[in-house]
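Residues per chain, in single letters:
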Amino acid sequence: MTKYRIVSIIISLILFNTTFAQRVKTDANIVGHVVTNGEHIPFATISVKGTTIGTTTDVTGHFIML
């Protein structure tokens, strides 16, 4: 009986985590470019303050966050 309860709890946690992750997803994208003094900046780091969301610009100074 104990093994059954442990397996049930693990499966419930996995299903809850999957369901929660699906609700958080959005269709929002952030696209842009980093420019200073009229020149694009390659490999600049872009991040959303207060989160772990981030990316870097490509060689042409452009980026996209999905």
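Residues numbered from 1 in each chain as written. Predicted model: local features only at pLDDT ≥ 70, side-chain atom pairs only at ≥ 80, totals over all residues. Heavy atoms only, no water.

**As for the pairing of strand β6 (residues 62-65)**
- What you see with β6 is a clean split: F63 and M65 sit on the buried side and H62 and I64 on the side with no burial.
- As defined by bridge partners, strand β1 (residues 30-33) adjoins β6 across four bridges and the pair is classed as antiparallel. What sits directly across from G32, in β6, is F63. (Buried < 20%, exposed > 50% of the residue type's maximum accessible area, 1.4 Å probe, protein only. Helix = DSSP H or I, 4+ residues; strand = E, 2+ residues; numbered from the N terminus. Pairing = 2+ DSSP bridges.)

**Focus: unusual backbone geometry**
- Positive phi is not limited to glycine here, since N37 has a value of about 50 degrees.
- Take N37: its relative accessible area is 78%, and that puts it in the exposed class.
- Here F43, not a glycine, exhibits a phi torsion of approximately 60 degrees, which is positive.
- When you line up the elements, F43 lands in the loop between β3 (39-40) and β4 (45-47).

**Overview of the confidence of the model for the protein chain**
- Of all residues in the protein chain, 64% have pLDDT values of 70 or greater, and the mean over the chain is 77.
- Segment residues 18-22 is flagged for pLDDT under 50; beyond a separation of four residues in sequence, or across chains, it makes zero contacts in the model. (pLDDT = per-residue confidence, 0-100. Contact = heavy atoms within 4.5 Å.)

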